[in-house]
Structure formats: C-alpha cells, structure tokens
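Take a look at the letters that make up each chain.
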Amino acid sequence: MSWRGSTTVWDRIFACLPYLLPLIDGLIFSRFLLNDFPALRVLLLPLQPVLIIYGSLGQFGQLIVFFALFLLVVRNEKISHFIRFNTMQAILLDIVIFLCSILVQILGQVPGTGFAIETVANTIFIGVVLAVGYSVIQSLIGRYAEIPAISDAVYMQVR
C-alpha cells in the first residue's frame with residue numbers, strides 16, 4: 001500500500017538496503033541446504049563484499065549497526081516514511097532470526113534431533129530468503145511489503 005505518498009527512485013533503493021541485515025544474519029541457517037546443493041553457493045557471490053565488511057565488524061560492531069539503523073533511521077522523522085517502514089521491518093525480521101537461532105541452539109542440546117534441526121534450519125533460511133525477496137521487490141515497485149504480524153508491529157513503531 002502506498003497511501004503515505006509517492007516514493008522516489010532513491011527512496012525505493014534506500015528502502016531495500018536494510019534488508020541486507022536479515023539476509024546476512026539468516027545465512028547461519030543455510031549451512032545444511034548449501035551442503036546438500038552446492039550449486040546454490042553461486043547465488044551468494046554478490047553478497048560476498050557485504051559479508052566480508054559486516055563480518056569484520058565483529059559482534060559489537062554488528063550490534064552498533066543494528067541500533068544505528070533503529071535510532072538514526074527509524075526514529076528520524078525527516079527520513080521518508082517508506083524508508084523508515086522498511087528499515088523497521090528489516091530490523092524485526094532480524095529479531096525473528098535471532099529468536100530462531102536460540103530455538104535451534106536449544107534443539108541442538110537434545111540428543112537425536114539432527115534431522116529436526118536440519119529441517120528447521122532449512123525452513124528458516126528459505127523463509128528468510130522469501131520474506132526478504134518479497135520485501136525488496138515490493139520496495140522496488142514502491143509498495144509497502146505486508147508481512148503478517150511483522151508489518152502490524154512495524155506500523156505500531158513507525159509514526
């Protein structure tokens with residue numbers, strides 16, 4: 001929905017960039033899928049420079065990026081609503097990924113859950129890729145990406 005006004009081409013491009021955060025953080029769940037289908041690794045080659053830079057920040061630097069996006073973009077009302085909405089949605093997707101990683105770690109403590117962990121990790125990774133892909137395409141078109149439950153929470157945060 002584009003009821004907040006029209007978006008410029010630059011707004012659309014900048015609205016796509018925050019989705020790199022959940023995509024990169026979701027790669028931890030790709031291990032099993034990429035081992036089973038090594039040809040899929042070619043699709044990750046364009047992300048390599050971003051992965052190197054983001055990985056070199058360390059966990060503290062990554063946390064700073066997370067909070068910088070929230071404080072400097074989402075809470076800055078001088079930035080268009082479209083960019084702030086998409087940034088907040090990317091942040092919430094990243095939080096969901098973090099919670100899923102805790103779930104997978106807990107499952108890893110239970111003996112005999114190897115297949116279940118692999119299935120859950122593959123499902124999470126495919127879900128993240130689909131959610132990010134859908135959101136980026138919608139952003140490039142100039143529409144608000146509506147992801148159930150997450151978008152509702154985003155609307156509550158972004159004024």
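Conventions adopted
Residues numbered from 1 in each chain as written. Predicted model: local features only at pLDDT ≥ 70, side-chain atom pairs only at ≥ 80, totals over all residues. Heavy atoms only, no water. Helix = DSSP H or I, 4+ residues; strand = E, 2+ residues; numbered from the N terminus. Buried < 20%, exposed > 50% of the residue type's maximum accessible area, 1.4 Å probe, protein only. Contact = heavy atoms within 4.5 Å. Expected span 1.5 Å × (residues − 1). Axes fitted to C-alpha atoms, helices over the stretch in contact; angles between N-to-C directions. Parallel < 35°, antiparallel > 145°, perpendicular 65-115°, else oblique. Nonpolar A, V, L, I, M, F, W, Y, C, P; charged D, E, K, R; others polar. Phe/Tyr/Trp six-rings, centres within 6.5 Å; stacked < 30°, edge-to-face > 60°.

Caption draft 1: Spatial organisation of the environment of Leu140. You can see Leu140 is positioned in helix 7 (residues 114–141). By relative accessible area, Leu140 is classed as partly exposed at 47%. Remark: the alpha-carbon pair of Leu140 and Ile13, spanning 127 residues in sequence, is separated by 6.6 Å. Leaving out residues up to four positions away in the same chain, Leu140 has contacts with Arg12 and Cys16.

Caption draft 2: Seen up close, helix 5 (residues 58–74). With 17 residues, helix 5 extends 23 Å between its outermost C-alpha atoms, agreeing within 8% with the 24 Å of an ideal straight helix rising 1.5 Å per residue. Among the residues of helix 5, those classed as buried are Gly61, Phe66, Leu69, Val73 and Val74. Where helix 5 is buried, its residues contact helix 2 (20–25) and helix 6 (81–108).

Caption draft 3: Molecular detail of the packing of helix 4 (residues 48–56) against helix 5. As a packed pair, helix 4 and helix 5 sit with axes 7 Å apart at the nearest point and diverge in direction by 105°. Classified by the angle between their axes, helix 4 and helix 5 sit roughly perpendicular to one another. When helix 4 is examined against helix 5, the residues Tyr54, Gly55 and Ser56 are found in contact with a partner set consisting of Gly58, Gln62 and Val65. In terms of residue class, the contact of helix 4 with helix 5 is made up of 2 nonpolar, 4 polar and no charged.

Caption draft 4: Molecular detail of helix 7. Spanning 28 residues, helix 7 covers 41 Å between terminal C-alpha atoms, matching the ideal 40 Å at 1.5 Å per step. Buried within helix 7 are the following residues: Ile117, Ala121, Asn122, Ile124, Phe125, Val128, Ala131, Val132, Ser135, Gln138 and Ser139. In this structure, the buried residues of helix 7 make contact with helix 1 (9–16), helix 2, helix 3 (31–36) and helix 6. Gly142 sits one or two residues past helix 7 and shows a positive phi near 100°.

Caption draft 5: The arrangement of the packing of aromatic side chains in detail. Applying the stated criterion across every chain, the model contains 5 aromatic pairs. Measuring from ring centre to ring centre gives 5.5 Å for Phe66 and Phe67, while their planes differ by 90°; the resulting arrangement is edge-to-face. A relative accessible area of 42% means that Phe67 is categorised as partly exposed. Their ring planes at 90° and their centres at 5.2 Å tell us that Phe82 and Tyr144 sit as a pair that is edge-to-face. Of this pair, Phe82 sits in helix 6 while Tyr144 sits in the loop between helix 7 and helix 8 (150–157); the two residues are 62 residues apart in sequence, bridging distant segments of the chain. On the basis of relative accessibility, which here comes to 2%, the residue Phe82 falls in the buried class. Taking relative accessible area as the criterion, Tyr144 reaches 3% and is therefore assigned buried. Each member of the aromatic cluster is reached from another via a ring pair, and the members are Phe82, Phe85, Tyr144 and Tyr155.

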